[in-house]
Amino acid sequence: MDLQASVYIADRHGLIGSLLRDKLIQLGCEKVISDPLRESALGDFKRVDGVFSRARPDFVFLIGGASGGIGVNQKRPADLMLDNLLVNCHVIENARRHKTRKLLYLASSCIYPKFAEQPMAVKSLMSGGLEPTNEPYAVAKLAGLYLCRAYRQQFQTKFIAAIPANVFGPGDDFSLEDSHVIAALIRKMHEAKISRQREVVIWGSGLPRREFVFAEDMAEACLFLMDHYDGAEPVNVGVGADWSIRQLAEMIAEVVGFAGNLVFDSSKPDGMPAKLLDSSVLQKMGWRAKNSLRDGLLKTYQWFAHEGMKRNRDASAIL
Ligand code: GFB
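Quick look at the structure, then. (Residues numbered from 1 in each chain as written. Predicted model: local features only at pLDDT ≥ 70, side-chain atom pairs only at ≥ 80, totals over all residues. Heavy atoms only, no water.)

So, on to the site of the ligand. The environment of the ligand is formed by 23 residues, the closest being I70, R210, P269, D270 and K275. For the ligand, an oxygen atom lies 2.8 Å from a polar atom in the side chain of S108. At 2.9 Å from a nitrogen atom of the ligand is found a main-chain nitrogen or oxygen belonging to W203. Considered on its own, the ligand offers 700 Å² of accessible surface; in the complex 97% of this is hidden by protein. Its atoms largely coinciding with the cavity grid, the ligand occupies the largest cavity. Breaking the shell around the ligand down by element, the ones donating at least two residues are helix 3 (70-75), helix 6 (181-194) and strand 7 (199-203). (Near = heavy atom within 4 Å. Polar contact = N/O pair within 3.5 Å; in protein donor to acceptor, adjacent residues only side chain to side chain. Areas by Shrake-Rupley, 256 points an atom, 1.4 Å probe, with all protein chains shown as cover. 1 Å grid on protein atoms, 1.4 Å probe; cavity = no way out; pocket = protein on both sides within 12 Å on 5 of 7 lines; lining within 4 Å. Sits in = over half its atoms within 2 Å of the grid points. Helix = DSSP H or I, 4+ residues; strand = E, 2+ residues; numbered from the N terminus.)

As structure tokens, then:
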């Protein structure tokens, strides 16, 4: 990517998109378009078309539409599916119409079959049924991935796709019901520590295994792929190791300084039993995550304790 190029970042959630924007600006890129469409307009074809007409982006990072953890996937499956389908269609079709030089589409590791062989390699996609707790969202993310591939085949566009492990970091959604596990557990344990509660409830059995990639590393992987990759196959982006939810909860308790009990609520869903990506293709290309899980948790907790509590209105009401 050259620094004179104009870059458009489409990201409803904002976690990866805002880091990408900061990194591009630090690198000297002056034409970075991101925030204007974050709230509502990504669902409106004409407004997305308007952004492409005005900015004529050379490069597009299609991070995605609305997203969240296992809770919101069960509560609002139609919202998540529709939003992601619309955002995918609007951004991908406009990138073609306005002759974007290259587009990177981010899928999600939930697009792999529920019982995919571990670590999950790209050849496993579509080889089995999806995990029911996130099937609608996963179908929309799969649709985007196959849309990129179809455009590449029919229009010879340079549209590439990546499949990230579970992403976390400062600026994440820390709401109790809708967030992903790391944000939820950091908040629960922080609040329990402050109000001297003896226990924290962890959803599910604690047995599912997850691979986590720190948002800063994910943003760097996006830039790396935009610079170094141009193929039809999606590329997995992971760190090469996974943890059980119990191990993760214990690590978060240590980072936060919560010394009480962890209580597992088996009435809550576990989701996929395991989601470790085979990231050997990316590793062979020379990319490695810089942050260990513990380092990422420390940085995320530091941010949450200082900034996050202010941002999460319902959280600050408690303390
Ligand atoms: O992060 P999470 O919601 O995402 O949950 P998924 C991961 C695991 O942590 C599940 C457990 O087994 C949860 O039951 N868990 C324990 C908790 N306590 C909590 C808690 O307080 N909050 C949450 N959220 N989980 C999502 C998908 O699945 O992953 C999305 O639903 C998306 O589609 C995302 O793809 C990356 O890994 O289970």
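Moving on from the coordinates now.
The next thing to look at is the environment of C222. Along the polypeptide, C222 turns up in helix 7 (residues 215-228). By relative accessible area, C222 is classed as buried at 0%. Separated by 159 residues in sequence, C222 and I63 have C-alpha atoms that sit 9.5 Å apart. (Buried < 20%, exposed > 50% of the residue type's maximum accessible area, 1.4 Å probe, protein only.)

Applying the stated criterion across every chain yields a total of four cavities of 30 Å³ or more. Roughly 800 Å³ of volume is contained in the largest cavity. Around the largest cavity, the lining comprises 45 residues; the ones closest to its centre are G68, G69, N166, H180 and K275. Every element with two or more residues in the lining of the largest cavity is listed here: helix 1 (15-27), strand 3 (59-64), helix 3, helix 5 (135-155), strand 6 (166-168), helix 6 and strand 7. Top contributing element to the lining of the largest cavity by residue count: helix 6, with four residues. Among the residues making up the lining of the largest cavity, the classes are represented as 20 nonpolar, 18 polar and seven charged. (Points joined across faces, edges and corners; volume = space filled by probe spheres on them. Nonpolar A, V, L, I, M, F, W, Y, C, P; charged D, E, K, R; others polar.)

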